[in-house]
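Reading the structure
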Amino acid sequence: MGLLERFENGDQVALARIISRVENRRTGYQDILARLYAHAGRAQRIGLTGPPGAGKSSLVFRLGELLSASGKKVGIIAVDPTSPFTGGALLGDRIRMQDLSLDPNIFIRSMATRGSTGGLAEATRDTTMVMDAFGFDLVLIETVGVGQVELDIARACDSVVVVFVPESGDAVQAMKAGLMEIADIYCLNKADRDGAERLVLELQSVLGLRQRTNNWEYPIIQTQAINNIGIDDLWQAIKNHREFCQSDTSPEDRQKERIANDLLTIVRGKVDRRLRSVLRDSETFEKVVADILAGSTNPYSAAERLVAELSTALTS
Amino acid sequence: MDKIRVLLAKPGLDGHDRGIKVIAAALRDAGMEVIYTGLRQTPDKIVSAAIQEDAQFIGMSILSGAHMTLFPAVAKLLKEKGAENIHLFGGGIVPDQDAAKLEEIGVGRIFTPGATTEEIVTYIRDTARDLPEETL
């Protein structure tokens with residue numbers, strides 16, 4: 001039986017291999033995605049992000065446990081950084097999720113960021129779609145930090161949970177830019193530690209300043225993932241957010257926005273890869289570098305000229 | 001070529017994880033993606049994780065003397081789950097004659113004390129080159 005048939009029959013080995021093909025952008029991956037797309041569109045996508053050590057993996061573990069117990073099928077994507085120096089990565093999120101390894105309702109996949117040059121947002125989105133097509137009710141996506149990539153991933157989610165800890169106290173200021181803006185739900189994990197109350201107050205005051213585009217009241221949920229406390233509250237908040245979104249905008253509008261976002265990411269990825277290959281083979285590019293080095297031109301004017309030339313090359 | 005993905009696991013009750021962490025760091029530094037699953041894993045957890053991660057390799061570290069139970073258990077499960085394409089190898093305190101027996105049932109190289117991280121990296125790279133490319 002072929003891989004796709006096995007996938008459609010619910011074979012996890014086939015699911016895992018298809019994810020690799022898509023992640024590695026191996027020949028033919030687009031045909032696979034095109035075929036699977038028809039089966040996708042039902043899964044609820046939930047993003048969890050926050051600083052390292054905040055307890056994201058532990059929360060994902062608890063959420064997975066809770067959801068599986070209520071009969072839901074859950075796909076989990078755990079993203080860890082690739083070393084920019086060696087290209088290697090140590091993916092350790094499974095350590096916190098060991099007890100889900102044998103749960104037939106759960107499928108966990110670790111992903112490395114594989115370089116900062118983009119692509120992760122696209123790969124994560126594609127993997128989410130593949131899991132969606134496989135038949136998971138929910139896909140949980142765990143990422144670290146708040147780069148452009150995380151923002152792109154968050155944009156592809158239905159709900160985004162930003163996780164922080166009492167020790168993030170002073171970091172709230174820094175978190176204001178970016179991390180705070182993408183959250184639909186705030187989750188204060190390790191809430192039994194000193195400083196939790198103060199941080200909730202601080203956060204509430206910061207939230208008062210947050211620009212609003214709708215009437216969603218941003219909840220601050222206190223959890224202790226290790227002790228399995230507050231997980232129900234967190235799940236309730238996620239459900240509330242979903243209901244809010246469903247009542248706030250029409251399903252067509254939301255779907256339209258998601259399709260537009262997906263399409264933009266895919267096009268951007270394609271253009272980026274095309275751009276790289278054109279630039280790599282371009283004599284002009286090397287000559288321009290030499291010219292800048294020699295001082296006869298500067299990167300700004302040279303870039304203008306290159307872009308003009310490239311737009312011809314890209315459309316040809 | 002695709003990224004090499006290696007799942008590293010410590011099966012059983014043996015909690016000595018210094019060695020496997022050294023290996024994890026070495027493989028990462030050699031440009032591989034290392035999935036570390038932590039202590040006290042059971043064979044079925046290890047196999048299930050390796051399948052989900054689509055790892056080409058499972059590396060197990062066993063210092064407890066239980067290698068003649070745990071390696072065959074994992075090898076058998078890999079076959080049962082249709083994942084025998086995953087290459088199983090390991091390291092630990094394993095006598096030569098046991099390593100030879102394990103080889104007979106399809107386990108790859110067993111690295112014993114004194115092995116260098118370079119040897120292990122080279123072994124994985126060489127083996128990866130010969131792994132069959134599965135077709136769609």
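A brief report on the enclosed structure follows. (Residues numbered from 1 in each chain as written. Chains lettered and ligands numbered in written order. Predicted model: local features only at pLDDT ≥ 70, side-chain atom pairs only at ≥ 80, totals over all residues.)

Right, let's talk about the environment of Gly 41 of chain A for a bit. Residue and element names in this part refer to chain A. Checked against the element boundaries, Gly 41 lands in the loop between α3 (29-37) and β1 (44-50). For Gly 41, a count of 12 C-beta atoms within 10 Å translates into the label exposed. Counting along the chain gives 92 residues from Gly 41 to Ala 133, while the straight-line C-alpha distance between them is 7.4 Å. (Helix = DSSP H or I, 4+ residues; strand = E, 2+ residues; numbered from the N terminus. Buried ≥ 20, exposed ≤ 12 C-beta atoms within 10 Å, placed from the backbone.)

Spatially, the six strands line up as an open sheet ordered β3(A)-β2(B)-β1(B)-β3(B)-β4(B)-β5(B), and their pairing is parallel. The two strands at the open ends of the sheet, each matched to only one other strand, are β3 (89-91) of chain A together with β5 (110-111) of chain B. Looking at chain direction, strand β3 (residues 57-62) of chain B and strand β4 (residues 87-92) of chain B are connected through six bridges and run parallel. Following the sheet pairing, Gly 59 of chain B is matched in β4 of chain B by Phe 89 of chain B. (Pairing = 2+ DSSP bridges.)

Time to look at helix α11 (residues 251-281) of chain A. Here α11 of chain A is 31 residues long and its end C-alpha atoms lie 45 Å apart, about the 45 Å a rise of 1.5 Å per residue gives. Here α11 of chain A lies mainly on the outside; one of its 31 residues are buried. (Expected span 1.5 Å × (residues − 1).)

This part covers the interface of chain A and chain B. Many descriptions give the size of an interface as the accessible area lost when the pieces come together. Listed by partner, the interface residues are 29 residues for chain A and 28 residues for chain B. Mapped onto the side of chain A that touches chain B, the elements with two or more residues apiece are α1 (3-8), α2 (12-23), β3 and β4 (106-112) of chain A. Looking at side-chain class alone, the side of chain A that touches chain B contains 13 nonpolar, 13 polar and three charged residues. (Contact = placed C-beta atoms within 7 Å. Nonpolar A, V, L, I, M, F, W, Y, C, P; charged D, E, K, R; others polar.)

Here we take up the pairing of strand β6 (residues 159-164) of chain A. Residues and elements named next belong to chain A. Of all the six residues making up β6, six are buried; the element is thus mostly covered by neighbouring parts of the structure. Because side chains alternate across β6, one face comprises the buried residues Ser 159, Val 161 and Val 163, and the other comprises Val 160, Val 162 and Phe 164, equally buried. When β1 meets β6, the two strands line up parallel, connected through four bridges. Within the sheet, the bridge partner assigned to Gly 47 lies in β6 and is Val 160. Pairing between β6 and strand β7 (residues 185-188): four bridges, direction parallel. Each bridged residue has a counterpart across the sheet, and for Val 161 the counterpart in β7 is Ile 185.

A few words now on the nonpolar core. Where a protein is soluble and globular, its nonpolar side chains tend to be buried together. Counting 109 residues, the largest nonpolar core has Val 34 and Ile 58 of chain B as its most contacted members. Take this core: its biggest share by element is eight residues, from helix α5 (residues 120-134) of chain A. Here this core spans two domains, since at least three of its residues come from each of domain 1 (1-38) and domain 2 (40-248) of chain A. Sequence-distant contacts of Ile 58 of chain B, defined by excluding residues within four places in its chain, comprise Leu 7, Ala 9, Ile 46, Ala 50, Val 74, Ile 86 and Leu 88 of chain B. (Core = buried A, V, L, I, M, F, W, Y, C linked by C-beta atoms within 7 Å. Domains from an automatic or database assignment.)

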